[in-house]
Amino acid sequence: MIISEQDIVNAICIDQARKKYAQPEDVEVELMYDEDSGFSAEAYINGLRQGLQEMDIIGALRLWLGEFLNEDPYAGIQLVLDDTEGITAVINGS
């Protein structure tokens, strides 16, 4: 299964909103990739910046998988940079 960049953003919005007692629509997310540091994201909630590392993104995806897709949240998750699709997540088996 492949999770789109937009769904990764949605997962982070929900995860960060729960952690910061906000609404998912109040969260803005920017996904990033750097050859040296790998995948990361920045979440902005009411103007405050929260830096997220790859493990934070995967944690948000585990929440998304379990609650919204009814899939195994402990399945293997690998973030991938694709030239046309942007940043996606590959879910390996359930």
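Details of the structure are given in the entry above.
Please read these numbers as outputs of a predicted model, since none were measured by experiment.

**Regarding the sheet that holds strand β2 (residues 27-34)**
1) Next: Pairing is antiparallel in the open sheet, where three strands are placed in the order β2-β3-β4. For this open sheet the edge positions go to β2 and β4 (48-53), each flanked by a neighbour on one side alone. If you compare each strand with its neighbour and ignore which way they point, the axes differ by 20 degrees on average.
2) Next: As defined by bridge partners, β2 adjoins strand β3 (residues 38-45) across eight bridges and the pair is classed as antiparallel. Looking at β3, one finds that Met32 is bridged to Ser40.
3) Next: With respect to the sheet, helix α1 (residues 5-20) is in contact with β2, β3 and β4, its orientation differing from that of β2 by roughly 125 degrees.
4) Next: Together, β2, β3 and β4 form the strand contacts of helix α2 (residues 54-68), whose direction differs from that of β4 by roughly 90 degrees.

**Comments concerning α2**
1) Next: Over its 15 residues, α2 extends 21 Å from the first C-alpha to the last, a length consistent with the 21 Å expected when each residue adds 1.5 Å.
2) Next: Along α2, the positions that sit buried rather than exposed are Ile57, Ile58, Ala60, Leu61, Leu63, Trp64 and Leu65.
3) Next: With its phi angle positive at about 50 degrees, Asn70 sits one or two positions after the end of α2.

**Things to note about the pattern of salt bridges**
1) Next: Within the structure shown, the criterion is met by three salt bridges.
2) Next: Two residues, Lys19 and Asp15, come together in a salt bridge whose shortest N-O distance is 3.2 Å. On the criterion of helical spacing, the pair formed by Lys19 and Asp15 is a turn pair, its members being four residues apart in helix α1.

**A closer look at the sheet that holds strand β5 (residues 76-82)**
1) Next: Overall, antiparallel pairing links the three strands, which are arranged β1-β6-β5 in an open sheet. Of all the strands in the sheet, just β1 (2-3) and β5 have a single pairing partner and so form its edges.
2) Next: In terms of strand pairing, β1 meets strand β6 (residues 86-92) through two bridges, oriented antiparallel. Among the inter-strand pairings, Ile3 is bridged to a residue of β6, identified as Ala89.
3) Next: Across the sheet, α1 is in contact with β1, β5 and β6; its angle to β6 comes to roughly 80 degrees.
4) Next: The strands touched by α2 within the sheet are β1, β5 and β6, with β5 carrying the most contacts at an inclination of about 115 degrees.

**Some thoughts on the nonpolar core**
1) Next: With 30 residues, the main nonpolar core has Ile8, Ile12, Val29, Leu31, Ile57, Leu61 and Ala89 as its most contacted residues.
2) Next: Those elements giving two or more residues to this core turn out to be α1, β2, β3, α2, β5 and β6.
3) Next: Among all residues touching Ile57, those that are not within four sequence positions of it are Ile8, Ile12, Leu31, Phe39, Ser40, Ala41 and Leu79.

Parameters and conventions
Here the residue numbering is sequential within each chain, running from 1 through the sequence in written order. For this predicted model, a pLDDT threshold of at least 70 governs which residues receive local features, and a threshold of 80 or more governs which side-chain atom pairs are given and counted, while totals over whole chains, interfaces and linings are taken from all residues. Calculated side-chain values reflect all of the structure's heavy atoms, with hydrogen atoms and water omitted. The pairing criterion is simple: DSSP has to find at least two bridges between the two strands. Only DSSP runs of H or I with at least four residues qualify as helices, and only runs of E with at least two residues qualify as strands; both kinds are numbered from the N terminus onward. Interaxial angles span 0 to 180 degrees and are taken between N-to-C directions of axes, which are lines fitted to C-alpha atoms, for helices over the stretch in contact. Whether two residues touch is decided by their heavy atoms; if any such pair falls within 4.5 Å, the residues are in contact. In a helix, the anticipated span is given by 1.5 Å times the number of residues less one. Only protein chains enter the area calculation, which uses a 1.4 Å probe; residues under 20% of their type maximum are buried, those over 50% are exposed, and those in between are partly exposed. Salt bridge, as used here: a side-chain nitrogen of Lys or Arg that lies within 4 Å of a carboxyl oxygen of Asp or Glu. What makes a nonpolar core is a set of buried Ala, Val, Leu, Ile, Met, Phe, Trp, Tyr and Cys residues whose side-chain atoms join them at distances within 4.5 Å.

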